[in-house]
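# Structural characterization, general
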Amino acid sequence: ICVTGDSAPAMIGEADRLLVARAGKIVRSGAPGEMQVDPPDLLTAMLVLPPPLPVHIGRIIGGGFRCGPMVLPCPPWPESDRKVSVAVPRTALSLHTPRDPTDVDATVVDVKPEGARAWVVVEPLHAPEDRWWVEHRGDGWWPRPQRPVGVRVDPGGLLFFDVDSGDRIRPG
């Protein structure tokens, strides 16, 4: 048994079950993999997903999530102009060259090789305070630091949360 208020990905990977409590009440229990795929709230997402987990506060407008000048694609929502928090897990991102007009423009900050793959740390052009970690498997090219890249965002992989309560919300 381990009780922590910190994200501990190494321990989470070894656990059979997790209990997440908020304000003294259990908000979720289950297998770690289950919670990583479907966190019930922002606190749980920040505990169980690999850091860093960029979180942006903005508005759903039309077919996208707008946070300042940055626009991320998102699934269709029944209401427009809703203020939400969006978490961008690593699994929702991929690198592309040549860039597509819908990609988020970014600059490569660092490349961390791990065997046949690498974690590419990028800085989105319109969110320079963020660092996104993107898995890259080579595919014939390797990004180099300080070079521009396109980061494709899978709208289905983004996690949306209510700004006030932190509870998970879903389109539709």
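Residues numbered from 1 in each chain as written. Predicted model: local features only at pLDDT ≥ 70, side-chain atom pairs only at ≥ 80, totals over all residues. Heavy atoms only, no water.

On to the overall build of the protein, then. When helices and strands are tallied, the protein shows 3 helices and 13 strands. Across the protein, every contact between residues at least 6 apart in sequence was considered, and the portion connecting residues at least 24 apart equals 55%. A total accessible area of about 9,500 Å² is found for the protein, and carbon and sulfur atoms account for 54% of it. (Helix = DSSP H or I, 4+ residues; strand = E, 2+ residues; numbered from the N terminus. Contact = heavy atoms within 4.5 Å. Areas by Shrake-Rupley, 256 points an atom, 1.4 Å probe, with all protein chains shown as cover.)

With respect to topology, 6 strands assemble into an open sheet ordered 5-4-3-6-12-13, the strand pairing being antiparallel. Edge positions in the sheet fall to strand 5 (70-73) and strand 13 (168-169), since each of these pairs with one other strand and no more. Sheet analysis places strand 4 (residues 64-67) next to strand 5, joined by 4 bridges and oriented antiparallel. Residue pairing across strands places Phe-65 opposite Leu-72, the latter belonging to strand 5. (Pairing = 2+ DSSP bridges.)

Another point: the environment of Val-37. Tracing the sequence through the fold places Val-37 in helix 2 (residues 32-37). For Val-37 and Leu-49, which are 12 residues apart along the polypeptide, the C-alpha to C-alpha distance reads 8.9 Å.

Attention now moves to the environment of Ser-94. Its location among the elements puts Ser-94 in strand 7 (residues 93-96). When its relative accessible area of 27% is taken as the criterion, Ser-94 is described as partly exposed. Filtering out sequence-adjacent residues up to four positions away, Ser-94 remains in contact with Val-134, Gly-150, Val-151 and Arg-152. (Buried < 20%, exposed > 50% of the residue type's maximum accessible area, 1.4 Å probe, protein only.)

To continue, consider the nonpolar core. Leu-72, Val-122, Trp-132, Val-151, Leu-158 and Phe-160 are the most contacted members of the largest nonpolar core, which totals 27 residues. Sorting the residues of this core by element identifies strand 4, strand 5, strand 6 (82-87), strand 7, strand 8 (104-114), strand 9 (117-124), strand 10 (132-136) and strand 11 (148-153) as the ones contributing at least two each. What Phe-160 contacts, discounting residues up to four positions off in sequence, is Ile-60, Cys-74, Pro-75, Trp-77, Val-84, Ser-85, Val-86, Asp-167, Arg-168 and Ile-169. If you look at the next biggest cluster of nonpolar residues, it comprises 12 residues, including Val-20, Leu-42, Leu-47 and Leu-159. (Core = buried A, V, L, I, M, F, W, Y, C linked by side-chain atoms within 4.5 Å.)

Moving on to the sheet that holds strand 10. The sheet built from 5 strands is open, its strands ordered 7-11-8-9-10 with antiparallel pairing. Across the chains shown, the open sheet's two edge strands, defined by having one partner strand only, are strand 7 and strand 10. Mean inter-strand twist for the sheet, computed between neighbouring axes without regard to direction, equals 45°. Relative to strand 10, strand 9 runs antiparallel, the two sharing 5 bridges. Bridge pairing links Trp-119 to Glu-135 in strand 10. (Axes fitted to C-alpha atoms, helices over the stretch in contact; angles between N-to-C directions.)

Next up on the list: the pattern of salt bridges. Under the counting rule described, the total for this entry stands at 10 salt bridges. Arg-168 is paired through a salt bridge with Asp-38; the nearest N and O atoms lie 3.0 Å apart. With Arg-168 in strand 13 and Asp-38 in the loop between helix 2 and helix 3 (42-48), this residue pair connects regions lying 130 residues apart in the sequence. Its relative accessible area of 18% is what places Arg-168 among the buried residues. For Glu-135, the salt bridge is made with Arg-117, and the minimal N-O distance between the two is 2.9 Å. Placement of the pair is Glu-135 in strand 10 and Arg-117 in strand 9, with a sequence separation of 18 residues. Given the relative accessible area of 28%, Glu-135 is considered partly exposed. By sharing partners, the salt bridges in this structure join Glu-114, Arg-117, Glu-135 and Arg-137 into a single network. (Salt bridge = Lys/Arg side-chain N within 4 Å of Asp/Glu carboxyl O.)

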